[in-house]
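A structural walkthrough
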Protein chains: 2
Amino acid sequence: MAAWRERLAGVRGVLLDISGVLYDGGAGGGVPIAGSVEAVARLKRSPLKVRLCTNESQKSRRELVGLLRRLGFSVSEGEVSAPAPAACQILRARGLRPHLLIHEEGFSFQNMNKAFQVLMELENPVLISLGKGRYYKETSGLMLDVGAYMKALEYACGIEAEVVGKPSPEFFKSALQEMGVEAHQAIMIGDDIVCDVGGAQRCGMQALQVRTGKFRPSDEQHPEVQANGYVDNLAEAVDLLLQHMDA
Amino acid sequence: MAAWRERLAGVRGVLLDISGVLYDGGAGGGVPIAGSVEAVARLKRSPLKVRLCTNESQKSRRELVGLLRRLGFSVSEGEVSAPAPAACQILRARGLRPHLLIHEEGFSFQNMNKAFQVLMELENPVLISLGKGRYYKETSGLMLDVGAYMKALEYACGIEAEVVGKPSPEFFKSALQEMGVEAHQAIMIGDDIVCDVGGAQRCGMQALQVRTGKFRPSDEQHPEVQANGYVDNLAEAVDLLLQHMDA
């Protein structure tokens, strides 16, 4: 990896994953990750543009932002890119009527089977998945994520899902556009080596992986994705960014 | 496809899938597929060896045979190859202690998540799947099968499952051995183009697909598997076998 200055000097915009970077979800809402409240505040006071880029689909943006504010973060709904609003646009544009499977109560056998039957009855089945994460981290431990259920339905129906959210390039591009920053001037900070880091890099961005949230040591030897840097947490990432960016 | 006589003359043993070939499961146990009770009886009166080869894992062999008898089939437990006894052998041989996920109540989000967490905590995770079917047919319609849940856990954990049951070659070979027939002298009759037909062919057997159970017309143009013949149901398959086999 090149020296930090070389990597970070040209950065003008920062995309932040939320779960596992800002906070760990769990019973009672969750807890902020140490140093992250201050790190977000410092970023927002800096010349860097900042946008939150999440695959959160269990909460509305309003609920999510409400939770983050209760945890001490200074954020607003307009700063958040999330897959549900993006999926709504697709449904409207194509005139599709959705059959919804909502985590986690929705992932009963009965509901999965119903979704499977609905897809099998369609001549041109469309399966839209909000993200394709393998798992995420709650305070109680690792939790199975929507990607597992996407794979189950893909396999059973013999189809390929359309992923809305990270690592979909459209989703990253739309977040960059909202921020008004080109991909090569942007950096993603996330805990998911494939969806956050790999997805952002395929869009021409740099990406750092934090060693919080769902991070596992084996991620640093991932067979396909190598981050532009690994940092202990968001606070360290922000230290490096503010230290090395062009003034 | 070659003429029927050419294909069937050398057949000495017949492996029969159960669900979707002998009967369709459903509320109250299920219903025999028209002509199948008589077809099994005729096969058993013929010089051909017969063995039932199922991926059924929701019922014990005793329960399954009890159900088949109530439906009019003349079968016994010793004639049935099923994945659960095969899996028990593997567990014993390797000294593994299983964490069981049982269809269908077991496939709640909570139980899937627990299985995921158990696997992620193991240094060398072992996921054994009893079959890898995409779906099966009940009287009420197509039902999501265990393969979908296998894929979900494979994806979430980044591992590959060991399949016990069809289409695993070991499973077919063990059924052939029980029957005392070589692969090239045996034919599989099933409704699953991949697990029954493709699996048996990879073991050197012939295989017919019936147009009952989970059969879908698109199976006859499957991109990877072509059956040695397609028949409307088991009765037609048995007609052809008894007509064309060497006396």
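Look above for the structure.
Attention in this report is confined to the structure presented alongside it. Small disclaimer: the values here were computed from a predicted structure and weren't measured. (Residues numbered from 1 in each chain as written. Chains lettered and ligands numbered in written order. Predicted model: local features only at pLDDT ≥ 70, side-chain atom pairs only at ≥ 80, totals over all residues. Heavy atoms only, no water.)

**Side note on the packing of helix α2 (residues 36-45) of chain B against helix α9 (residues 234-244) of chain B**
Residues and elements named next belong to chain B.
- Contact geometry for α2 and α9: axes closest at 8 Å, N-to-C directions at 25°. The pairing of α2 with α9 is recorded here as roughly parallel in orientation. In the packing of α2 onto α9, the handedness of the crossing is left-handed. Every residue of α9 that contacts α2 at S36, A39, V40, R42 and L43 is listed here: L234, A235, V238, D239 and L242.
- When the residues that make up the contact of α2 with α9 are grouped by side-chain class, the tally is seven nonpolar, one polar and two charged. (Axes fitted to C-alpha atoms, helices over the stretch in contact; angles between N-to-C directions. Helix = DSSP H or I, 4+ residues; strand = E, 2+ residues; numbered from the N terminus. Parallel < 35°, antiparallel > 145°, perpendicular 65-115°, else oblique. Left-handed = near helix turned anticlockwise from the far one by under 90°. Contact = heavy atoms within 4.5 Å. Nonpolar A, V, L, I, M, F, W, Y, C, P; charged D, E, K, R; others polar.)

**A closer look at the pairing of strand β8 (residues 141-144) of chain A**
Residue and element names in this part refer to chain A.
- Summarising the sheet, strand β7 (residues 135-138) and β8 pair through four bridges and their orientation is antiparallel. By the bridge assignment for β8, K137 is matched with L142.
- Counting the residues that bridge the hairpin from β7 to β8 gives two residues. (Pairing = 2+ DSSP bridges.)

**Focus: the interface of chain B and chain A**
- Between chain B and chain A, the residue contacts involve 29 residues of the former and 29 residues of the latter.
- Considering only the side of chain B, the residues that lose the most area to chain A are B:F109, B:L144 and B:Y155, jointly responsible for 30% of the buried surface there.
- Joining chain B to chain A, the criterion identifies 13 residue pairs in polar contact (both at pLDDT 80 or more).
- Broken down by secondary-structure element, the contributors of at least two residues to the side of chain B that touches chain A are α5 (109-121), β8 (141-144) and α6 (146-157) of chain B.
- For the side of chain B that touches chain A, a count of residues per class yields 15 nonpolar, nine polar and five charged. (Buried area = accessible area lost by both parts, 1.4 Å probe. Polar contact = N/O pair within 3.5 Å; in protein donor to acceptor, adjacent residues only side chain to side chain.)

**So, the sheet that holds strand β10 (residues 186-190) of chain B**
Residue and element names in this part refer to chain B.
- Here six strands make up an open sheet; going across it, the order is β5-β4-β1-β10-β11-β12 and the pairing parallel. The two strands at the open ends of the sheet, each matched to only one other strand, are β5 (80-81) and β12 (229-231).
- Direction of pairing for β10 relative to strand β11 (residues 206-210): parallel, over a ladder of four bridges. Its bridge partner lying in β11, G190 is registered against Q209.
- Set on the sheet, helix α8 (residues 193-202) makes contact with β10, β11 and β12; between it and β11 the angle comes to about 165°.

**What about the sheet that holds strand β5 (residues 80-81) of chain A?**
Residue and element names in this part refer to chain A.
- The strand order across the open sheet built from six strands is β5-β4-β1-β10-β11-β12, with neighbouring strands paired in parallel fashion. Either end of the sheet is taken by a strand with one partner, and the two such strands are β5 and β12 (229-231).
- Pairing between strand β1 (residues 13-16) and strand β4 (residues 49-53): four bridges, direction parallel. Each residue of the ladder has a partner; that of G13, found in β4, is K49.
- Strand contacts of helix α7 (residues 169-179): β1, β4, β5 and β10 (186-190), with the helix running at about 145° to β4, the strand carrying the most contacts.

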